[in-house]
Amino acid sequence: MREYVRKMLVDVTGMKVLLLDRETLHVVSTVYSQTEILQQEVFLVERLDRDGTEPMLHMKAVCFVRPTGENVALLRRHLKKPCYGEFHIFFSNIVKDTYLQELAEADQQEVVSQVQEYFGDYVALEPHHFCVPVENEAVCLQPPTWSLMQSSRVIDRTVEGLAGLMLSLKCRPHIRFQKSSDLCRRISNDLWRHMYETEKELFDYRRGDSTPMLLLVDRLDDPVTPLLTQWTYQAMIHELLGIRYNRVSIKKEGKSSKQEEQEFVVGSEADPFFKTNMYENYGDLGNNVKELVDEFAQDSNQHSSITTVADMQHFVEAYPEFRAKGGHVSKHVTLLTEMSKIVDKRILLSVSQTEQELACSSGLSSAADAVSEAIGNPAISDSDKLRLVMLFALRYERDGTRYLSEFIQKLSNLGLPNRKLDLIYTLLRVGGEEKRTGDLFGTKSLRARAVKIARGLKGVENVYTQHAPLLANTMQLLLSGRLRDMDYPFVGPATSHPGSNWIPPDVIVFVVGGTTYEESRYVAMHNGGTSGTSSQVAGAGTTKFVLGGTSVQNSRSFIAQLAELADMERSNF
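Residue positions are given per chain, counted from 1 along the sequence in the order it is written. In keeping with the predicted nature of the model, local features appear solely for residues at pLDDT of at least 70, side-chain atom pairs appear and are counted solely at 80 or more, and the whole-chain, interface and lining totals rest on all residues. Water and hydrogen atoms were dropped before computing side-chain values, which therefore reflect all heavy atoms in the structure.

Draft legend 1. Looking closely at the packing of aromatic side chains. Here a pair means two rings of Phe, Tyr or Trp (six-membered ring of Trp) with centres within 6.5 Å. Their orientation is stacked below 30 degrees between planes, edge-to-face above 60, and tilted elsewhere. Inspection of every chain in the model, using the stated rule, returns 13 aromatic pairs. Ring geometry for Trp231 against Tyr464: centres 5.7 Å apart, planes inclined by 55°, an arrangement best described as tilted. Highlighted residues: Trp231 in the loop between strand S9 (213-218) and helix H8 (233-240) and Tyr464 in the loop between helix H17 (446-458) and helix H18 (470-479), separated in sequence by 233 residues. Joined through ring pairs, the aromatic side chains of Phe392, Tyr396, Tyr403 and Phe407 make up one cluster. Only Lys NZ and Arg CZ are tested; either one counts as a charge over a ring when it is within 6 Å of the ring centre and within 35 degrees of the ring normal. Taking the ring centre of Tyr396 as reference, the NZ or CZ of Arg395 above it sits at 4.9 Å. Just above the ring of Tyr403 sits the side chain of Arg402; from NZ or CZ to the centre is 4.5 Å. Note on conventions: DSSP H or I runs of at least 4 residues are helices, E runs of at least 2 residues are strands, and numbering of each starts at the N terminus.

Here's what the structure looks like:
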């Protein structure tokens, strides 16, 4: 994606304006910094839908937008009264012939220099992690029949994004999907038709040993992972502060007693410290930030002793790097400080220990006692208590009904409204045992139980990070040729795919309903591109994985979508 943006800006020479829509703004900002854009003679970045633009006929407009009816209408408005001398239009996906005809008719002053298709209809968060953002993502949690119009929009947008990804990778993958998910099935079938029938010539890439696999899974097959407190740097930032397209905003009290908002970029491409530490746990992170501060302090002392012209020259040459490093130091100290405050205020170390026991252990009585004690602790927030009861409900859905009723009554006595308490049953209806395909708690097979027992005997390095997402098990089944066809069938005629024993060289896993940064960390560690403990990842080796989804979830966003789903239930029934 970064290369696409670079090529657009480099090929159009001279002074430029970059026009983006609300989605391509995020596509560009995650792969190119503002400084890098300025270096390509881009003097202005504007939204395509901005009104009141002053004429700047000496500037060239580089337009990178999605090929939608709304954007074409906005482009036509620009072309009828052009504010720029030239228009170079780049669509992020396949553009309809009718849209091209409309643009040609609107270009009466012949200011359009070129129209291209640059397939970047997705947001690249990291080299191994992307998202295809959809509106009203709560639709991903509901049966598609509840709202055909809304689910069709989600399906269409997801198909467009995945098709754009395949075109940018120049591949036409074999497709498998989670059979128990209607949304995964519909997306898979529509994408297959798009690649193999509607746009067959465009996707006519050679297939052979290097053909990748696209595997679509449903977020609701693992509702546990987005509910857990996270303790590795990137995932922790998202859980406690919230990351949106590699940016995090923090509100702090200013000098005038008004809240001031600070925004930080937290991407591995532009921040060496973050790249090295994004998967480190909370305990090690504090020491690493301290070392960063000490190193910067040492550099500051060196720069303070300028006595000769040579010292001055060296300082001027090193100043941009020194200033950038200072920004990184300030950013990571601020982030760590804010997260530490939240951890202490919500006593999250205690809460997380109970969460991990619920997710990874199998003692009903001890788990019930731990949850009951947490509910009775006034220092634990109501939202954290609700998360613990949700995790208990998922883990002990069959055997813990009596305890669950008691917990819900206790939460009600504490003042939690019925709308929030009903979310526990909403979660069980859409993500309960009968709805799930995977072995979420490692209790369905003898092999999974044996692995769990062995882990318990061996012990864990860190009680707060012992949980592994269901995706880890799915990946290992795929790599061993044991991912069952009956649970994850191929799309298309039987003669066109290689069978369930086939182990592909590359796999794109797409999570309908959103990924998590815990899953992203696991994929990165499997691929071997991190400083983390890759020995924890079984099967790390030849097959490389890319992870994508409709968003990146944390506990707040996941529970908020459950609340939207509950509202949809009430309106439909």
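Further notes follow.
Draft legend 2. Just the sheet that holds strand S5 (residues 112-117), in detail. Taken together, the five strands give an open sheet; going across it, the order is S2-S1-S3-S4-S5, and neighbouring strands pair in parallel fashion. A strand with exactly one partner marks an edge of an open sheet, and here the two such strands are strand S2 (42-47) and S5. Taking the axes of each pair of neighbouring strands and ignoring which way they run, one obtains an average angle of 20° across the sheet. Pairing between strands is defined by DSSP: at least two bridges between the two strands are required. Pairing of strand S1 (residues 16-20) with S2 involves five bridges; the strand directions are parallel. In the sheet register, Val17 faces S2, and the bridge partner there is Leu44. In the packing of helix H1 (residues 2-11) onto the sheet, the strands contacted are S1, S2, strand S3 (56-65) and strand S4 (84-91), and the crossing angle to S3 comes to about 160°. Angles shown run from 0 to 180 degrees and are taken between the N-to-C directions of axes, each axis being a line fitted to C-alpha atoms and, for helices, limited to the stretch in contact. Contacts were defined at the residue level, with two residues in contact if any of their heavy atoms lie within 4.5 Å.

Draft legend 3. Spatial organisation of H1. Note on exposure labels: buried denotes an accessible area under 20% of the residue type's maximum, exposed denotes more than 50%, and partly exposed covers the range between, all computed with a 1.4 Å probe on protein chains only. Listing the buried residues of H1 in full gives Tyr4, Val5, Met8 and Leu9. Viewed along the axis of H1, the buried residues span an arc of 120°, placing them on a single side of the element. On its buried side, H1 packs onto S1, helix H2 (24-29), S2, S3, S4 and helix H6 (148-169). Each C-beta atom gives one direction from the helix axis, and the arc is the one those directions make.

Draft legend 4. Summary view of the environment of Glu261. Within the fold, Glu261 resides in strand S12 (residues 259-265). A sequence separation of ten residues divides Glu261 from Lys251, and the C-alpha atoms of the two residues are 4.4 Å apart. What Glu261 contacts, discounting residues up to four positions off in sequence, is Ser249, Ile250 and Lys251.

Draft legend 5. Up close: unusual backbone geometry. Even without being glycine, Glu41 reaches a positive phi, approximately 65°. Assessed through its relative accessible area of 38%, Glu41 is described here as partly exposed. At Asn246, a position not held by glycine, the phi torsion is positive, near 65°. Topologically, Asn246 is positioned in the loop between strand S10 (243-244) and strand S11 (247-253). Residue classification places Asn246 among the buried positions, given a relative accessible area of 3%.

Draft legend 6. Region of interest: empty space enclosed by the protein. Buriedness for pockets is judged along seven lines, at least five of which must meet protein on both sides within 12 Å for an open set on the 1 Å grid over protein atoms alone, while cavities are sets there where a 1.4 Å probe fits but cannot get out, and lining residues have an atom within 4 Å of a point. Grid points are joined across faces, edges and corners, and a volume is the space filled by probe spheres set on the points. All chains considered together, the criterion is met by three cavities of 30 Å³ or more. Approximately 100 Å³ is the volume attributed to the largest cavity. As for the largest cavity, its lining consists of Gln178, Val217, Asp218, Arg219, Asp221, Asp222, Leu470, Leu471, Thr474, Tyr488, Val511 and Glu519. Counting only elements with at least two residues in the lining of the largest cavity, the list comes to S9 and H18. Grouping the constituent residues of the lining of the largest cavity by class yields five nonpolar, two polar and five charged. Considered as a void within the structure, the second largest cavity measures approximately 60 Å³ in volume. Thr225, Pro226, Leu228, Gln230, Ala235, His238, Glu239, Thr516, Tyr517, Glu518, Gln553 and Asn554 together form the lining of the second largest cavity. Of all the secondary structure elements, the ones that give two or more residues to the lining of the second largest cavity are H8 and helix H19 (517-527). In terms of residue count, the dominant contributor to the lining of the second largest cavity is H8 (three residues). Considering only residue class, the lining of the second largest cavity consists of four nonpolar, six polar and two charged. Side-chain classes are defined by residue name, with Ala, Val, Leu, Ile, Met, Phe, Trp, Tyr, Cys and Pro counting as nonpolar, Asp, Glu, Lys and Arg as charged, and the others, Gly among them, as polar.

Draft legend 7. Inspection of the pairing of strand S8 (residues 174-177) at higher detail. Residue alternation in S8 divides its side chains into two sets, His174 and Arg176 and Ile175 and Phe177, and both sets are buried. Taken together, the four bridges between S8 and S9 define a ladder with parallel strand orientation. Opposite Ile175, over in S9, you have Leu214 as the bridge partner.

Draft legend 8. Structural detail: helix H16 (residues 418-431). Helix length check: H16 (14 residues) gives 20 Å between terminal C-alpha atoms against 20 Å at 1.5 Å per residue, within 8%. Taken as a whole, H16 carries its principal kink of about 25° at Ile424. Taken together, the buried positions of H16 are occupied by Leu421, Leu423, Ile424, Thr426, Leu427, Leu428, Val430 and Gly431. Expected helix span is taken as 1.5 Å per residue step, with the number of steps being one fewer than the number of residues. Given a residue, its bend is the angle between the two axes fitted to the seven residues that end at it and to the seven that start from it.

Draft legend 9. Quick look at the environment of Lys81. Relative to the helices and strands, Lys81 is located in the loop between helix H4 (69-80) and S4. Here the alpha-carbon distance between Lys81 and Pro55, two residues 26 residues apart in the chain, equals 9.3 Å.

Draft legend 10. Representation of the packing of H18 against H19 in the model. Two elements in contact, H18 and H19, have axes separated by 10 Å at closest approach and are oriented at 35°. The residues of H19 that touch H18, namely those facing Leu471, Ala472, Met475, Gln476 and Leu479, are Glu519, Tyr522, Val523 and His526. Residues belonging to the contact of H18 with H19 are distributed by class as follows: six nonpolar, two polar and one charged.

Draft legend 11. Spatial organisation of the pattern of salt bridges. Any Lys or Arg side-chain nitrogen found within 4 Å of a carboxyl oxygen on Asp or Glu counts as a salt bridge. Taken as a whole, this structure holds 30 salt bridges when the rule is applied. Glu36 is paired through a salt bridge with Arg2; the nearest N and O atoms lie 2.6 Å apart. Highlighted residues: Glu36 in helix H3 (residues 34-38) and Arg2 in helix H1, separated in sequence by 34 residues. For Glu36, a relative accessible area of 23% puts it in the partly exposed group. Arg6 is the salt-bridge partner of Glu3, the closest N and O atoms lying 2.8 Å from each other. Of this pair, Glu3 and Arg6 both sit in helix H1, three residues apart, roughly one helical turn. By sharing partners, the salt bridges in this structure join Glu23, Arg66, Asp121, Arg157 and Glu160 into a single network.

Draft legend 12. Local environment of the environment of Tyr205. With respect to the helices and strands, Tyr205 occurs in the loop between helix H7 (182-198) and S9. You can call Tyr205 partly exposed: its relative accessible area is 24%. Each C-alpha atom of the pair Tyr205 and Pro173 lies 9.7 Å from the other, and the pair is 32 residues apart in sequence.

From the geometry alone we can't say anything about function, so treat these as descriptive.
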